[in-house]
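# Observations on chain architecture
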Amino acid sequence: MTREARSPDPALVRAPVVAGRFYPGSAKALARDVAGYLAGADPELAGPALLCMVPHAGYVFSGAVTGRTLGAAELPDTLLLLGPNHTGLGARLAVWPGGAWEIPGAAVPVAEALATELLEAAPRLTADRAAHLGEHSLEVVLPFLYARNPAVRIVPVAVAEPDPAVLAEVGRAVAETLRRGGQPVGIVVSSDMSHYVSHEAAKRRDALALSRILALDPRGLCQVVRREGITMCGVLPMALGLFTALELGAREAFLAAYATSGEVTGDMEQVVGYAGVLVR
């Protein structure tokens, strides 16, 4: 697909909110850092991906996991981005409906026609900017996607719907819409794993959640996260992504990378876990 020729509505142009904090604020430094992280991808994992899950922390902590994962993923030009809602603002299933998202040095266009089709096909989705304006989880991933493909177009969705049955319903509607469209659409989910536990506890708890992800079991993922108290902030968008991917024929999943912040800071008592997953 090509970029739209007309200028986006200024009201629908989202400015970055964590540039200069979570990642470099200059286009040159950002491009350099992202290229370095992407170069760490394992060539044995390279290939088309239906869905990728990557983290969204500051790049010094999670950039290597994101780069190792997205560097191995062959993704189409159009991507459905699913992330958590840390702010609590806006709708439970909030779609940014048009315009563009800015990152240092570029503006990534929203696939407006697809966003409209999804809103029409899944009434539980809502056109809503409030959930996204102060939310960092999708923004942090975007420079990697742009570096991999400057022609990328996106449909950002902030997911705060807690009911797996609703997520399954929406996943079916989204998958049917993507099938009807005739053009390939990839799914990128943004999620960190356990928060503020020891390195060993994070690895143990995250392994439980990841086992359900690798089994392509979104309901099991929701259950184990709830039962074990795993503080995986993107469990809801990942469940929605898995429900959608299964409807689209997903067959297998691979763990591309795992790390904790303790491996960077040296503090192994209070860490955040980061995982990269490829679904095909």
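In short, a report on the structure. (Residues numbered from 1 in each chain as written. Predicted model: local features only at pLDDT ≥ 70, side-chain atom pairs only at ≥ 80, totals over all residues. Heavy atoms only, no water.)

## With respect to the pairing of strand E14 (residues 271-279)
What counts here: When a residue's accessible area, from a 1.4 Å probe over protein chains only, is under 20% of the maximum for its type it is buried; when over 50% it is exposed; and in between it is partly exposed. Where helices and strands are cited, they refer to DSSP runs of H or I of at least four residues and of E of at least two residues respectively, numbered from the N terminus. Following DSSP output, two strands are said to pair if at least two bridges run between them.
Buried residues dominate E14, accounting for nine of its nine residues. Residue alternation in E14 divides its side chains into two sets, Val271, Gly273, Ala275, Val277 and Val279 and Val272, Tyr274, Gly276 and Leu278, and both sets are buried. Where strand E12 (residues 195-197) meets E14, two bridges bridge the pair, whose relative direction is antiparallel. When the sheet's bridge partners are listed, His195 is paired in E14 with Val272. Of the pairings in the sheet, the one linking strand E13 (residues 253-260) to E14 comprises seven bridges and is antiparallel in character.

## A short note on the pattern of salt bridges
What counts is decided by this rule: A side-chain nitrogen of Lys or Arg and a carboxyl oxygen of Asp or Glu constitute a salt bridge if their distance falls within 4 Å.
According to the stated counting rule, one finds ten salt bridges in the structure shown. One salt bridge in this structure joins Arg14 and Glu139, with 3.0 Å as the shortest N-O distance. Taken together, the residues span a long stretch of sequence, with Arg14 in strand E1 (residues 13-14) and Glu139 in the loop between helix H4 (130-133) and helix H5 (142-148) at a distance of 125 residues. When its relative accessible area of 1% is taken as the criterion, Arg14 is described as buried. Among the residues examined, Glu139 registers a relative accessible area of 1% and is labelled buried. Members of the salt-bridge network, linked through shared partners, are Glu176, Arg179 and Arg180.

## Looking at the sheet that holds E1
The strand order E1-E7-E8 describes an open sheet built from three strands, whose pairing is mixed. Of all strands in the sheet, those with a lone pairing partner are E1 and strand E8 (106-109), marking the two edges. Sheet topology note: the E1/strand E7 (residues 100-103) ladder contains two bridges and is parallel. Paired with Arg14 across the strands is Trp101, a residue of E7.

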